[in-house]
Amino acid sequence: MTDQSTNLSVFATTIGTYSIDSAELVDELEASIWMLEDGDEAGATWCEQNGYDGYTSYASLDDLPERAPAFAELKDKLDGFAASFADTLYWNLTDQRLVLDSLWVNILAPGASHSAHIHPNSVVSGTAYVSLPDDSGGIKFEDPRLDKMMAAPPVLTNAPEDSRRFLYRTPKVGDVLLWESWLRHEVMPNRSEDPRLSISFNYGLAPLP
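Anyway, here's the lowdown on the structure attached to this text.

Cut-off values and rules
- Residues numbered from 1 in each chain as written.
- Predicted model: local features only at pLDDT ≥ 70, side-chain atom pairs only at ≥ 80, totals over all residues.
- Heavy atoms only, no water.
- Patch = residues over 30% accessible without salt bridge, like charges linked within 9 Å, V, L, I, M, F, W, Y side chains within 5 Å.
- Areas by Shrake-Rupley, 256 points an atom, 1.4 Å probe, with all protein chains shown as cover.
- Salt bridge = Lys/Arg side-chain N within 4 Å of Asp/Glu carboxyl O.
- Lys, Arg positive; Asp, Glu negative; His and termini not counted.
- Charge placed at Lys NZ, Arg CZ, Asp CG, Glu CD.
- Helix = DSSP H or I, 4+ residues; strand = E, 2+ residues; numbered from the N terminus.
- Contact = heavy atoms within 4.5 Å.
- Core = buried A, V, L, I, M, F, W, Y, C linked by side-chain atoms within 4.5 Å.
- Buried < 20%, exposed > 50% of the residue type's maximum accessible area, 1.4 Å probe, protein only.

**Points about a negative patch on the surface**
Now for step 1: Judged by side-chain charge, Glu24, Asp27, Glu28, Glu73 and Asp76 come together as a negatively charged surface patch.
Now for step 2: Listed by contribution, the elements that provide at least two residues to the negative patch are helix H1 (23-39) and helix H4 (69-88).
Now for step 3: For the negative patch, the leading source of residues is H1, giving three residues.
Now for step 4: Its location among the elements puts Asp76 in helix H4.

**A look at the environment of Gly137**
Now for step 1: Within the secondary structure layout, Gly137 lies in the loop between strand S5 (124-131) and strand S6 (139-142).
Now for step 2: Distance in space between the C-alpha atoms of Gly137 and Arg169 is 9.2 Å, their sequence separation being 32 residues.
Now for step 3: Dropping the residues within four chain positions of it, Gly137 is found in contact with Met188, Pro189, Asn190 and Arg196.

**Side note on the nonpolar core**
Now for step 1: The biggest cluster of nonpolar side chains holds 39 residues, and the ones touching the most others in it are Leu29, Phe71, Val176, Leu178 and Ile199.
Now for step 2: For this core, the elements supplying multiple residues, two or more each, are H1, H4, strand S3 (96-108), S5, strand S8 (175-180) and strand S10 (196-207).
Now for step 3: The element best represented in this core is H4, accounting for eight residues.
Now for step 4: Once you skip the residues sitting within four places of it in the chain, Leu178 turns out to touch Thr14, Ile15, Gly16, Tyr18, Phe81, Ala82, Phe85, Val124, Ser125, Gly126 and Phe201.

Any functional reading would require information that these geometric values do not contain.
Structural data, given as structure tokens:
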């Protein structure tokens, strides 16, 4: 007797991978990140007070595209990536538009990591990767249904990626990853001897002008 059953996978979680596709821009971004780190005393103070091992402009600077042409060029690329990602998700943006509402740099020191978190009050988040020494840590995504699985057994070690509880990605320099802001994720430890440089961002929704 032939098995007539069918299975339907629904409620997909999408992670988009894009590329800056310009080694020159990546180099300019790296120089701009170090420029910010060198002059941002408020950011350095925040990092020290909050135990951030390295440097981030997250709490101190909100105008990166106005501070360096490389950030402005990156913003133009991110706007296109975010629009493409929204199309992938079949979002109806007839009366709304995606707006880049935060953009910040990260210098993750050797041995440092970033614990699991989400990005509240945004709809699309992501990271552009600027400098990734060998073994400097990838990113880990968590199945958003994890807290609802109750007594569900673990999955087999050879389960396909779309059936696992966690997804690990090791991006390349120039990659840009995008995901919906509610997706819980963490940065794995930087096990290299050099800092890891990236630029993170959030998009929100705004009415059409």
